[in-house]
Amino acid sequence: MIYLLYFILYGFFLTAVIGLVASWIDRKVTARVQYRVGPPVLQPLIDIVKLLGKETLVPRGASKAAFLGAPLFGLASVMLVSTILWMNNINTQNTFLGDLIVVLYVLTIPSISIIMGGFASSNPLASIGASREMKLVLSYELPFVLAVLVPVIHSGFSIRIGSLLTYQASNGVFAGSLSGALALIVAILCVQAKLALVPFDMPEAETEIAGGVLIEYSGTPLAVYKLMKNMLLFVLPFFLMIIFMGGLRTDGIHLLYGVLKYVGLVAIITVIRNTNPRVRIDQAVRFFWGPVTILAIIAVILAFKGL
Amino acid sequence: MSLKLKALLKSPWVFHLSTGSCNNCDIEILDCLTPRFDIERFGMILAGSIKHADVLLVTGSCNRQSVTRMKRLYEQAPKPCLVVAIGECAMSRGMFMQSYNCPVPLDKIIPVDAYIPGCPPKPEAIIAGAVKLIEKLKGNA
Ligand code: SF4
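Now for a description of the structure that goes with this document. Treat the numbers as computed from the prediction; the structure is a model and nothing was measured.

Time to look at the site of the ligand. In the vicinity of the ligand, the contacting residues are Ser21, Cys22, Asn24, Cys25, Gly87, Glu88, Cys89, Gly118, Cys119 and Pro120 of chain B. Looking at the shell around the ligand residue by residue, the classes come out as 5 nonpolar, 4 polar and 1 charged.

If you want it as structure tokens, here you go:
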């Protein structure tokens, strides 16, 4: 029963609220970088409410179940991840063996749901977008897993998120060490690709494939996808905070630090997004399998040396 | 006013369609997105796909080639969808009035909710037109 409460209250409501605010911050900062005024605070919420009120169209020739089911699938997985993260963050005893691995697996499901939706919509542009998303998943998963390995090595091979947090609470954060900092850089780049933001937004490239995977979505399913993306904008930086920066502590001044850590991560992601052009998919694959993976391997070796 | 309409008016995503314009009106539409005018402060963004759009901005003189496509796009747009005619061409075919290729004006083909005159209309005029459209819908509801 208590888990259901966690699932609804933390996994959905809190995450959605923070995610919507974060996506407003992202849009506002983008606007300010371009010397614009930017949207009002409630804009992300209004967008979603509006989409809920619109007609839902299913294209002819699309597989209806997969087309309408994919967004729910993605949203549910994001809720699950954020529940596990919040539970660990609130009480580090609330952990089970291997929850780090569960989180890593479930974090790929949003991408898979997007791929599924794209292919199910029987639109050639959506298929191009979905195949790009697939290549992107293949390219960033390896360095991401390697980067996550670094905290695991540091904490003496523990794959519980809760014990990573307790270790950091007593021995200092992992991002403070050389290997941890390298791994954090790698992980931020991978998160950029996981969120499909510029420079890695080729699955949705508005200017070349007109919205890509989401091209056929309208109304409620599109609202669910937007909500999922906004929630991911909270969940992924939160995951990085937990495994590299000691999580979000609610006692006294640590709460302020926690908020600053989160806003800092979102700001880094936004600045990367605003200062780079979109790369091609082959360049992205080369980038992730080349320099980023090498950096991640160096971080892992350094972590083994205890640096 | 219902919540649905309220939200629609606060976040109208626009899709822009050229039915044989001279491209000048289209450039003026894109000007509305630039820092100087910044329509994102009203929640408007340019949608890449018609399925995401709430407002269809039509420019150009509706020539025979594009009319069938335009009808299809209008049918594909999720309702409620508003149509705005931008520029002299879209309103009355302008200087192509006598052309063999432009038989009827836009509002004889699909229902138009707002007209923004000009050849091309200034970005200020386009924003003013959008505001008038919103006022009109508020009045109706
Ligand atoms: S109204 Fe004038 S500027 Fe606009 S498309 Fe027609 S000719 Fe070009």
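Once that is clear, we can look at empty space enclosed by the protein. Residues and elements named next belong to chain B. Overall, the coordinates contain 2 cavities of 30 Å³ or more when judged by the stated rule. In this structure, the largest cavity occupies an estimated 210 Å³ of space. Surrounding the largest cavity, 19 residues form its lining, Val14, Met44, Val55, Leu57 and Ala130 being those nearest its centre. Elements represented by at least two residues in the lining of the largest cavity include exactly α1 (3-10), β2 (55-59), β3 (82-86) and α5 (123-140). At 6 residues, the largest contribution of residues to the lining of the largest cavity is made by α5. Across the lining of the largest cavity, the residue classes tally to 19 nonpolar, no polar and no charged. Taken as a whole, the second largest cavity encloses approximately 30 Å³ of empty space.

What describes two packed helices is the angle between their axes and the distance between those same axes. All names here are of chain A. Packing of helix α8 (residues 178-194) against helix α11 (residues 253-274) leaves a shortest axis separation of 11 Å and a crossing angle of 65 degrees. By the angle between their directions, the pair α8 and α11 is classed as roughly perpendicular. Of the two elements, α8 crosses α11, and the hand of that crossing is right-handed. Of the residues in α11, those in contact with Ile188, Val191 and Gln192 of α8 are Leu265, Ile268, Ile269, Ile272 and Arg273. By residue class, the composition of the contact of α8 with α11 is 6 nonpolar, 1 polar and 1 charged.

A few words now on the environment of lysine 226 of chain A. When you line up the elements, lysine 226 of chain A lands in helix α10 (residues 219-245). As a C-alpha pair, lysine 226 of chain A and leucine 20 of chain A span 206 residues in sequence and 9.7 Å in three-dimensional space. Every residue in contact with lysine 226 of chain A, bar those within four places of it in the chain, is listed here: Ile48 and Leu51 of chain A together with Trp13 of chain B.

Quick look at helix α12 (residues 281-305) of chain A now. Residue and element names in this part refer to chain A. If you check α12, its first and last C-alpha atoms are 35 Å apart, about what 25 residues at 1.5 Å a residue would give, namely 36 Å. Those residues of α12 lying buried are Ile281, Ala284, Val285, Phe288, Gly290, Val292, Thr293, Ala296, Ala299, Val300, Leu302 and Ala303. Lining the buried residues of α12 we find α6 (124-154) and α8. Downstream of α12 by a residue or two, glycine 306 has a phi angle that is positive, lying close to 90 degrees.

So, on to a nonpolar patch on the surface. Residue and element names in this part refer to chain A. Taken together, Met1, Leu4, Ile8 and Phe13 make up a surface patch of nonpolar side chains, about 470 Å² in accessible area. One can find methionine 1 in the segment before α1 (2-33). A relative accessible area of 79% means that methionine 1 is categorised as exposed.

In this section: the pattern of salt bridges. Residues and elements named next belong to chain A. Evaluated as defined, the whole model comprises 11 salt bridges over all chains. Between arginine 273 and aspartate 26 there is a salt bridge, with the nearest N and O atoms lying 3.2 Å from each other. Remark: aspartate 26 occurs in helix α1 and arginine 273 occurs in helix α11; sequence separation between them is 247 residues. In this structure, arginine 273 and aspartate 26 share a single accessibility class: buried. Measuring nitrogen to oxygen at the nearest pair gives 3.1 Å for the salt bridge that ties arginine 280 to aspartate 282.

All names here are of chain B. Strands sit in the order β1-β2-β3-β4 across an open sheet of 4 strands; the sheet is parallel. Looking at which strands have only one partner, the edges of the open sheet turn out to be β1 (14-18) and β4 (114-116). Direction aside, neighbouring strands of the sheet carry axes that sit 20 degrees apart on average. Relative to β4, β3 runs parallel, the two being bridged by 3 bridges. Looking at the pairing, valine 84 lines up with alanine 114 of β4. Contacts from helix α2 (residues 24-31) reach β1, β2 and β3 within the one sheet, and its direction differs from that of β2 by about 145 degrees.

Further remarks concern the pairing of β1 of chain B. Moving residue by residue along a regular strand, the side chains alternate between the two faces of the sheet. All names here are of chain B. The pairing of β1 with β2 spans 5 bridges and is classified as parallel. Of the residues in β2, the one forming a bridge with histidine 16 is leucine 57. Regarding topology, α2 serves as the crossover connection from β1 to the parallel β2, and that connection is left-handed.

Bringing the nonpolar core into the picture now. Judged by nonpolar contacts, the single largest core of 92 residues is most densely connected at Leu85, Phe144, Phe239 and Leu240 of chain A. Ranked by residues supplied to this core, first place goes to α10 of chain A with 20 residues. With residues up to four places along the chain from it excluded, the contact list for leucine 85 of chain A reads Val103, Ile161, Val235, Phe238, Phe239 and Ile242 of chain A. Core analysis: the second largest hydrophobic core is formed by 23 residues, Leu8, Met44, Ile86 and Leu137 of chain B among them.

Basis of the calculations
Residues numbered from 1 in each chain as written. Chains lettered and ligands numbered in written order. Predicted model: local features only at pLDDT ≥ 70, side-chain atom pairs only at ≥ 80, totals over all residues. Heavy atoms only, no water. Near = heavy atom within 4 Å. Nonpolar A, V, L, I, M, F, W, Y, C, P; charged D, E, K, R; others polar. 1 Å grid on protein atoms, 1.4 Å probe; cavity = no way out; pocket = protein on both sides within 12 Å on 5 of 7 lines; lining within 4 Å. Points joined across faces, edges and corners; volume = space filled by probe spheres on them. Helix = DSSP H or I, 4+ residues; strand = E, 2+ residues; numbered from the N terminus. Axes fitted to C-alpha atoms, helices over the stretch in contact; angles between N-to-C directions. Parallel < 35°, antiparallel > 145°, perpendicular 65-115°, else oblique. Left-handed = near helix turned anticlockwise from the far one by under 90°. Contact = heavy atoms within 4.5 Å. Expected span 1.5 Å × (residues − 1). Buried < 20%, exposed > 50% of the residue type's maximum accessible area, 1.4 Å probe, protein only. Patch = residues over 30% accessible without salt bridge, like charges linked within 9 Å, V, L, I, M, F, W, Y side chains within 5 Å. Areas by Shrake-Rupley, 256 points an atom, 1.4 Å probe, with all protein chains shown as cover. Salt bridge = Lys/Arg side-chain N within 4 Å of Asp/Glu carboxyl O. Pairing = 2+ DSSP bridges. Right-handed = clockwise from strand over helix to strand, strands pointing away. Core = buried A, V, L, I, M, F, W, Y, C linked by side-chain atoms within 4.5 Å.

So, to be careful, I would describe these as geometric facts and stop short of saying anything about function.
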